[in-house]
Amino acid sequence: MSTVEIGLTAIGVFAFALSGALMAVRKEMDVVGMFVLAAVTAVGGGLTRDLLLGLRPAALQNPWWWLIVAVATLIVFFFSRVVDRLRRAVLLCDAVGLGLFCATSTTIALQVGLGQLEAILVGTVGGVAGGVLRDVLAGEIPSVLRRDTQLYVVPAVLGCALLAVASTTGLDGGPLIVLAGAAIAVVRILALWRGWKAPAPRPGGRTVR
Amino acid sequence: MSTVEIGLTAIGVFAFALSGALMAVRKEMDVVGMFVLAAVTAVGGGLTRDLLLGLRPAALQNPWWWLIVAVATLIVFFFSRVVDRLRRAVLLCDAVGLGLFCATSTTIALQVGLGQLEAILVGTVGGVAGGVLRDVLAGEIPSVLRRDTQLYVVPAVLGCALLAVASTTGLDGGPLIVLAGAAIAVVRILALWRGWKAPAPRPGGRTVR
Amino acid sequence: MSTVEIGLTAIGVFAFALSGALMAVRKEMDVVGMFVLAAVTAVGGGLTRDLLLGLRPAALQNPWWWLIVAVATLIVFFFSRVVDRLRRAVLLCDAVGLGLFCATSTTIALQVGLGQLEAILVGTVGGVAGGVLRDVLAGEIPSVLRRDTQLYVVPAVLGCALLAVASTTGLDGGPLIVLAGAAIAVVRILALWRGWKAPAPRPGGRTVR
C-alpha cells in the first residue's frame with residue numbers, strides 16, 4: 001500500500017471506531033462495550049469480506065488497528081460530548097473510510113479471481129458490514145437500511161462498479177483505488193449535504209406485515 | 001442440477017426474497033433496505049452453509065439470483081399490499097424453498113464428507129439461516145424460534161434426516177433431493193394448515209430470567 | 001485432550017447451554033428456540049473461532065455436544081424454575097466454561113501460527129462469542145457489553161494473555177490450559193462476588209447520540 005492509502009485507511013479506521021464508541025455510549029455500555037463496538041465497526045467489514053473470500057482475516061495478521069481503536073475509545077470515553085459536537089467532521093472521515101474500504105475490498109475480490117458483479121458485491125460488503133454489525137450489536141436496525149438515512153450503500157455500489165470497470169483497462173491499481181474511494185466519499189458527502197435519500201415504498205405499504 | 005431443481009430453486013429464492021422485502025416494508029426501510037433484506041433472506045442460508053463447510057460461497061460464483069431478488073424487491077416496492085394479500089401463496093412458495101434449500105444443503109454437506117448427523121445440522125442451517133438473518137437485521141427475534149410459529153425447523157430436520165439416511169442406500173441423488181424437499185414442504189404446509197406448533201415450557205417458566 | 005480437559009469442557013458446554021435455554025424461556029420461545037439458543041451459546045464461540053482461523057468447525061466434526069445441549073434443554077424445559085433458583089451454580093459453571101473455552105481457543109490460535117496479540121483476540125472471541133450470539137438472537141444488547149455487568153471480557157483477555165506469554169516458555173500445553181482457564185474462572189467469580197465492573201463514561205455522556 002502506498003503512503004496515501006495507509007493514511008486514508010488510518011483515517012477511516014479512526015472514524016469508524018469513533019462511530020462505534022459513540023454508539024456504545026448512547027447504549028449505556030461500559031468501556032469494554034465501547035472498545036468492542038469500536039473494533040467491530042472498524043474491522044467488521046474487512047473481516048466479513050475475508051470470510052466471504054475464504055482468506056485468513058487481514059485483521060488477524062497485522063493488528064496495528066488495535067491501537068487506533070483503543071485511542072478512539074479513550075477519546076470518546078473522556079470527551080464524548082466534544083466528539084458529539086464534532087459530528088460533522090466524524091461523518092466526513094466516515095465517508096473517507098467508506099470509500100477506501102469499498103475500493104480496497106473490490107480490488108482484493110478481483111485479485112482473488114471473482115467476476116466483476118461479485119466483486120462489486122464483496123466491495124460494498126467490505127465497506128458497509130462494519131456499521132451493520134455495530135448496529136446489530138447495539139440492538140438497532142442497521143442505519144444504512146432505514147428510510148431516514150442519506151444515501152450510503154448507493155455511492156458504495158457505484159464506486160465499486162466504477163473500479164470494477166476501470167480495472168479492466170489495465171490502469172495501475174493504486175491510483176484507481178484512491179480515485180474510486182474519493183468518488184464514493186464525494187457522493188456520500190453530497191448526499192449528506194443535499195439530503196439525498198433512496199426511494200421508499202409509499203406510506204400505505206406500512207400497514208403490511 | 002436438473003431442470004426441476006433449477007425451477008424449484010428459483011421459486012424458493014423468489015419466495016424468500018419476497019418475505020425479506022415485505023419485512024423491510026414493515027420496518028419502514030427504503031428500497032436499499034428492501035433489496036438487502038431480500039438478498040440476505042434468499043442467499044443467507046446457502047452462504048452460512050458454505051462458510052461452515054469452508055467452501056467458496058456459491059452465491060459469489062454465479063450471481064443469477066440477483067435478478068430474481070431485484071424483481072421481487074421491485075414487485076414488493078410497487079405492490080406491497082397486493083403481495084400481502086397473496087400471503088398464503090408466498091407461504092406455500094416459502095415452504096417449497098425451505099424444502100429444496102434444506103435438501104440441497106444436506107447433499108452438499110454429505111458430498112464434502114460430513115457424517116450424517118453433521119449433514120442434518122448443516123442442511124437445516126442451509127434452509128433456515130436466511131430467515132434468521134432477515135429477522136436479526138430487522139431487529140426481531142427470529143420467527144422460527146418463537147412459540148407462536150407453526151413448525152418450521154422440525155420438518156426441516158426430519159427431511160434432512162430422511163435424506164441423510166436415504167443417501168446411504170445408493171439411490172440417485174437428484175430424485176432424492178426433490179423427494180426430501182417435497183416431504184419438508186408438505187409437512188411445513190400441513191403445520192401451517194393444521195396449526196401444529198412445537199411444545200413450549202409452561203407459562204410459569206416465563207417468570208424466569 | 002486430557003480427562004480433566006474433557007470434563008471441564010463438558011461442564012462448560014452444559015452451563016452455556018443452560019444459559020441459552022433459560023434465555024429462550026425468558027423470551028417465550030418454544031422448545032425449538034430453546035435448543036437452538038442452547039446450542040448457539042454452547043458452540044457459537046468455538047464456531048466463530050474456527051471461522052476466523054479458516055478451520056473446519058470442530059462442532060461439525062464431533063457432535064457429541066448435541067447430547068449435552070439436548071439434556072440441558074430438556075432440564076430447563078421441565079424445571080426452569082429450579083434451574084433459575086440454582087442460578088449461582090450456573091454462573092459458577094459458566095465461569096469454568098469461559099475459562100476453558102478461552103484457554104483452548106488461545107492455544108489453537110497459537111498452534112495455527114498466529115502472533116500472541118492475535119491469539120489473545122481469538123481466544124477471547126472463542127470464550128465470549130457464544131453468549132454474544134445468544135443475546136443477539138434473543139433481541140438483546142449483548143450482556144458482556146453492558147455497564148451493569150460484572151467483569152467478563154476483562155478476565156478472559158487477562159487469562160488469554162497469561163497463556164500466550166506462558167506458551168513462549170516451552171511449558172507443557174495441557175497443564176497451561178487448565179491453569180489459564182482456572183485463572184479466568186477465578187477472576188470472573190471474584191468479579192461476580194465483589195461486584196467488580198468495568199468503568200463507564202460519565203452519565204453526562206448519555207445524552208450523546
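Presented here is an overview of the structure given in this document.

Reading the values: rules and limits
- Residues numbered from 1 in each chain as written.
- Chains lettered and ligands numbered in written order.
- Predicted model: local features only at pLDDT ≥ 70, side-chain atom pairs only at ≥ 80, totals over all residues.
- Helix = DSSP H or I, 4+ residues; strand = E, 2+ residues; numbered from the N terminus.
- Rg over C-alpha atoms; globule rule 2.2 N^0.38 Å.
- Expected span 1.5 Å × (residues − 1).
- Bend = angle between axes of the 7 residues up to and from the residue.
- Buried ≥ 20, exposed ≤ 12 C-beta atoms within 10 Å, placed from the backbone.
- Contact = placed C-beta atoms within 7 Å.
- Least-squares fit on C-alpha atoms with pLDDT ≥ 70 in both.
- Nonpolar A, V, L, I, M, F, W, Y, C, P; charged D, E, K, R; others polar.
- Axes fitted to C-alpha atoms, helices over the stretch in contact; angles between N-to-C directions.
- Parallel < 35°, antiparallel > 145°, perpendicular 65-115°, else oblique.
- Left-handed = near helix turned anticlockwise from the far one by under 90°.

1. Thoughts on the overall build of chain A
Stage number 1. When you go through chain A residue by residue, the secondary structure sums to 7 helices and 0 strands.
Stage number 2. Secondary structure elements in chain A, listed N-terminal to C-terminal, are α-α-α-α-α-α-α.
Stage number 3. Against the compact-globule benchmark of 17 Å for 209 residues, chain A has a radius of gyration of 17 Å, which places it among compact chains.
Stage number 4. Across its three principal directions, the C-alpha atoms of chain A cover 50 × 50 × 30 Å.

2. Re helix α3 (residues 65–85) of chain A
All names here are of chain A.
Stage number 1. With 21 residues, α3 extends only 25 Å from end C-alpha to end C-alpha; this falls clearly short of the ideal 30 Å at 1.5 Å per step.
Stage number 2. Along α3, the largest kink reaches about 105° and is centred on F79.
Stage number 3. Regarding α3, the residues found buried are W65, I68, V69, A72, T73, V76, F77, S80 and V83.
Stage number 4. In this structure, the buried side of α3 is in contact with α1 (3–26), α2 (31–53) and α4 (87–111).

3. Here we look at the relation of the copies chain A and chain B
In this structure, two copies of a chain are linked by a rotation about an axis accompanied by a shift along it.
Stage number 1. In the superposition of chain A on chain B (RMSD 0.0 Å, axial shift 0.0 Å), the rotation amounts to 120°. What the superposition gives is, in effect, a three-fold axis relating one chain to the other. Relative to the rotation axis, the closest C-alpha in chain A is found at G139(A), a distance of 3.9 Å.
Stage number 2. Little of the interface of chain A is mirrored in chain B: 7% of its interface residues are interface residues there too.

4. Here's the deal with the interface of chain A and chain B
Stage number 1. Opposite the 28 residues of chain A that make contact, chain B presents 25 residues.
Stage number 2. Looking at the side of chain A that touches chain B, the elements with two or more residues in it are α2, α5 (116–137) and α6 (153–166) of chain A.
Stage number 3. No other element matches α5(A), which puts 5 residues into the side of chain A that touches chain B.

5. Description of the interface of chain A and chain C
Stage number 1. On the chain C side, the residues contacting the 25 residues of chain A number 28 residues.
Stage number 2. Counting residues per element, the side of chain A that touches chain C draws most heavily on α2(A), which supplies 5 residues.
Stage number 3. Looking at the side of chain A that touches chain C residue by residue, the classes come out as 15 nonpolar, 3 polar and 7 charged.

6. Here's the deal with the environment of Q150(A)
Residue and element names in this part refer to chain A.
Stage number 1. Tracing the chain through its elements places Q150 in the loop between α5 and α6.
Stage number 2. Classification of Q150 as buried rests on a count of 20 C-beta atoms within 10 Å.
Stage number 3. Counting along the chain gives 48 residues from Q150 to A198, while the straight-line C-alpha distance between them is 7.4 Å.
Stage number 4. Setting aside chain neighbours within four positions, we find Q150 in contact with A191, L192, G195, W196 and K197.

7. Considerations on the relation of the copies chain A and chain C
Stage number 1. With an RMSD of 0.0 Å, the operation that places chain A on chain C is a rotation of 120° combined with a shift of 0.0 Å along the axis.
Stage number 2. Mapped onto chain C, only 8% of the interface residues of chain A again fall at the interface, so the copies present different surfaces.

8. Side note on the packing of helix α2 (residues 31–53) of chain C against helix α6 (residues 116–137) of chain C
Residues and elements named next belong to chain C.
Stage number 1. Contact geometry of α2 with α6 gives a least axis separation of 7 Å together with a crossing angle of 135°. Comparing their axes, α6 and α2 come out oblique. For α2 against α6, the interelement crossing comes out right-handed. Taken together, the residues of α6 that come into contact with α2 (itself represented by L37, V40, T41, A42, V43, G44, G45, G46, T48, R49, L52 and L53) are V122, V125, G126, G127, V128, A129, G130, G131, L133, R134 and L137.
Stage number 2. When its residues are assigned to classes, the contact of α2 with α6 shows 12 nonpolar, 9 polar and 2 charged.

9. Concerning the packing of α2(A) against α4(A)
The angle between the axes and the distance between the axes are what describe a pair of packed helices.
All names here are of chain A.
Stage number 1. Their axes nearest at 11 Å, the elements α2 and α4 cross at an angle of 15°. In terms of axis orientation, α2 runs roughly parallel to α4. When the axes of α2 and α4 are compared, the crossing they make is right-handed. From α2, G45, G46, R49 and L53 reach across to α4, where they touch F101, S105, I108 and A109.
Stage number 2. In the contact of α2 with α4, the residues fall into 4 nonpolar, 3 polar and 1 charged.

10. Some points on unusual backbone geometry
Stage number 1. Of note in this structure, E28(B) is not a glycine but carries a positive phi near 60°.
Stage number 2. Within the secondary structure layout, E28(B) lies in the loop between α1 (3–26) and α2 (31–53).

11. Brief notes about the environment of E5(C)
Residue and element names in this part refer to chain C.
Stage number 1. Turning to its location among the elements, E5 is positioned in helix α1 (residues 3–26).
Stage number 2. Sequence separation between E5 and P175 is 170 residues; the distance between their C-alpha atoms is 9.3 Å.
Stage number 3. Residues within four places of E5 in sequence aside, it is in contact with G174, I177 and V178.

Bear in mind that shape data such as this cannot, by itself, settle questions of function.
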